[in-house]
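For reference, the chains in residue letters:
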Amino acid sequence: MSDRVVVVGGGIAGCAIARELAPAFTVDVIERGQIASGATGRAAGEITMPAVYTDYPAIGNHAFEFFREYDGTGEFEFTECRSVELVDVDRAEEAERRAERLAEHGFRWLDRSAAEATYPRFDLSAFAGVVETPRNGFVDPYTFATTLRADAEAEGAAFHTHTEVTGIETADGRVSGVRTDAGRVDADFVVAAAGWRTRQLLGGLIEIPIHPYRTQCVVLRPEPPLSGSFPMGFHPDEHVYFRAERSGDLLVGGFSFAESDPENASRDADEAFRTHVAELIPTFLEGFDDASFVDGWAGVDAATPDTRPIVDAPADAPDGLVVATGFHGRGIMTAPVTATVVHSLVSGEPAPFPTTPFALDRFEDRSDEFEFTSISSE
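Presented here is a report on the structure given in the accompanying data block. Keep in mind the model is a prediction, meaning the values are calculated, not measured. Counting starts from 1 at the beginning of each chain's written sequence and moves along it residue by residue. In keeping with the predicted nature of the model, local features appear solely for residues at pLDDT of at least 70, side-chain atom pairs appear and are counted solely at 80 or more, and the whole-chain, interface and lining totals rest on all residues. Values shown for side chains rest on all heavy atoms present in the structure; no hydrogens or waters enter the calculation.

## Focus on the overall build of the chain
Point 1. When helices and strands are counted, the chain shows nine helices and 18 strands.
Point 2. What the globule rule says is 2.2 Å times the number of residues to the power 0.38, and the radius of gyration is computed from C-alpha atoms. For 378 residues, the compact-globule estimate of 2.2 N^0.38 gives 21 Å, and the chain sits close to it at 21 Å.
Point 3. Expressed as lengths along the three principal axes of its C-alpha atoms, the size of the chain is roughly 65 × 40 × 40 Å.
Point 4. Exposure is judged per residue with a 1.4 Å probe applied to protein chains only, and the accessible area is read against the type maximum: over 50% gives exposed, under 20% gives buried, and values in between give partly exposed. The burial tally for the chain puts 54% of its 378 residues in the buried class.
Point 5. Excluding contacts between residues fewer than 6 apart, the proportion of contacts in the chain whose partners are at least 24 apart in sequence is 72%.
Point 6. Positive residues here are Lys and Arg, negative ones are Asp and Glu, while His and the chain termini are left out of the count. Charge placement uses NZ in Lys and CZ in Arg. For Asp and Glu, CG and CD serve respectively. The average position of the 30 basic charges and that of the 64 acidic charges among the side chains of the chain differ by 1 Å. A run of H or I in DSSP counts as a helix once it spans at least four residues, and a run of E counts as a strand once it spans at least two, with each numbered from the N terminus. Pairs of residues are marked as contacts when any of their non-hydrogen atoms sit within 4.5 Å.

Here it is as structure tokens:
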């Protein structure tokens, strides 16, 4: 009989982990609400892993190739596109040097005239140019999660929704199961993948440096609609990122702040953010002076001090305990990597890329009192 793995959390990480483990293990995913009802369902779905992990290209490539190969599986679609960073005059020299340094990864500096010729919807009169990166794209987060779930279930994984895990049980220095509001579930391994709730879930078994933060998205409808050649991008000075929807609308995300009351945080985009986006976007994109508001929302995720997640079986934790959290807004794009690392930790087989960037022991201070860093993310 195969070892039993309980995955706590039915977000994108939990669904990807279940899919990866189900062929070789007995897998139960326990979710307090519905699948993908937390940060996953309120994500922007951007995929920028090769650019995020230029220091570990094998990690970025692993994720990107997964999305390429998974495209068309079930209802899932991956839309590949370029990404641009808007660069003001004061940062032009530094940005051009950075693009040159990362040219082997496909980074390219485009001055204002070249950028406007390449991307005619942009008015870059207030900028020096853009840094362009290839091998990016976007997905619909909910469809991605449900496709992963379907694959996992086809391999025998069981998903238990509207069931809350109230604690992790141990015996003789090893996890033995979890307590839930529906009773105990035995386990040989427990994967704590409960987003910002993971710190509380661990209940003192081990401390992890994560802090909840809230981020927002709005969708605008321009005239004319955006075309398929429109890139993803971000405006670092304004802390917003953007991408086209398949409908030709524009999704804009940002206004990320540490959240002191995540349980009661609003799930709607703030009026201040909506106003900020409505005023900002027409300053550099054509066709948005009279754009209509389509939708807006907010979600809460878990941040780490260095913006990279914790995916580890810490040495000072009970044997069999694996932690997968702190995705800092990059959970969707990191999901294939997360699943592979967890499989390595549970099976003992080596991962096909370095896992040190995700180890808990990189942090000397494991408290949740750190300065939150906002990033242009998924």
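Having seen the model, we can carry on.
## Points about the packing of aromatic side chains
Point 1. Only centres within 6.5 Å qualify two rings of Phe, Tyr or Trp (six-membered ring in Trp) as a pair; their planes then separate them into stacked at under 30 degrees, edge-to-face at over 60, and tilted for everything else. Tallied over the entire structure, the rule returns 21 aromatic pairs.
Point 2. Between Tyr70 and Phe144 the ring centres are 6.2 Å apart and the planes differ by 70°, which places this aromatic pair in the edge-to-face class. Of this pair, Tyr70 sits in helix H3 (residues 57-70) while Phe144 sits in helix H6 (residues 141-154), and the two are 74 residues apart along the sequence. Both residues of the pair, Tyr70 and Phe144, count as buried.
Point 3. Every member of this aromatic cluster is reached through a ring pair, and the members are Phe64, Phe66, Phe67, Tyr70, Phe76, Phe78 and Phe144.
Point 4. Above the ring of Phe189, the side-chain terminus of Arg174 is found at 5.0 Å from the ring centroid.
Point 5. Each ring is checked for a lysine NZ or an arginine CZ that lies within 6 Å of its centre and within 35 degrees of its normal; such an atom marks a charge sitting over the ring. Stacked on the ring of Phe293, the Lys or Arg Arg274 has its end atom at 3.8 Å from the ring centre.

## What to know about the sheet that holds strand E7 (residues 158-160)
Point 1. Taking strand neighbours across the sheet as the criterion, the six strands line up as E7-E2-E1-E11-E18-E17 in an open arrangement whose pairing is mixed. Because the sheet does not close on itself, it has two edges, and the strands there are E7 and strand E17 (310-312). Ignoring which end each strand starts from, the neighbouring axes of this sheet average 20° apart.
Point 2. Contacts from helix H1 (residues 12-21) reach strand E1 (4-8), strand E2 (26-30), E7, strand E11 (189-192) and strand E18 (321-325) within the one sheet, and its direction differs from that of E2 by about 170°. A pair of strands is labelled paired if DSSP reports no fewer than 2 bridges between them. Axis definition: a line fitted to C-alpha atoms, over the contacting stretch in the case of helices. Angles run 0 to 180 degrees between N-to-C directions.

## Describing the environment of His235
Point 1. As for its placement among the helices and strands, His235 is situated in strand E13 (residues 232-235).
Point 2. Beyond its immediate chain neighbours, meaning those up to four positions away, His235 contacts Leu86, Phe127, Val240, Phe242, Leu280 and Phe284.

## Remarks on the state of the cysteines
Point 1. Here, a disulfide means two cysteine sulfur atoms that sit within 2.5 Å of each other. Under the counting rule described, the total for this entry stands at zero disulfides.
Point 2. Cysteine Cys81 remains unbridged, with the sulfur of Cys217 as its closest cysteine sulfur at 15 Å.
Point 3. Residue classification places Cys81 among the buried positions, given a relative accessible area of 13%.
Point 4. Of the residues examined, Cys217 reaches a relative accessible area of 2% and is grouped as buried.

## What to know about the side chain of His328
Point 1. You can see His328 is positioned in the loop between E18 and helix H9 (331-347).
Point 2. Throughout this description, a polar contact denotes any pair of N or O atoms lying within 3.5 Å of each other; where both atoms belong to protein, one of them has to be capable of donating a hydrogen while the other can accept it, and for residues adjacent in sequence the pair is counted only when both atoms sit in side chains. In terms of polar contacts, His328 uses its side chain to reach the backbone carbonyl oxygen of Thr373, at 2.6 Å.

## Quick word on the nonpolar core
Point 1. Definition used in this section: a nonpolar core is a set of buried Ala, Val, Leu, Ile, Met, Phe, Trp, Tyr and Cys residues joined via side-chain atoms within 4.5 Å. Within the largest apolar cluster, 53 residues are counted, with the highest numbers of intra-cluster contacts made by Phe144, Val191 and Val342.
Point 2. For this core, the leading source of residues is H9, giving eight residues.
Point 3. Beyond its immediate chain neighbours, meaning those up to four positions away, Phe144 contacts Ile12, Phe66, Phe67, Tyr70, Phe76, Val139, Ile332 and Ala335.

## Description of the pairing of strand E15 (residues 250-258)
Point 1. Pairing of strand E12 (residues 211-221) with E15 involves seven bridges; the strand directions are antiparallel. Residue Gln216 lies in a different strand from E15, and its bridge partner there is Gly254.
Point 2. Alignment of strand E14 (residues 240-244) against E15, held across five bridges, turns out to be antiparallel. The partner of Phe242 across the bridge, within E15, is Val252.

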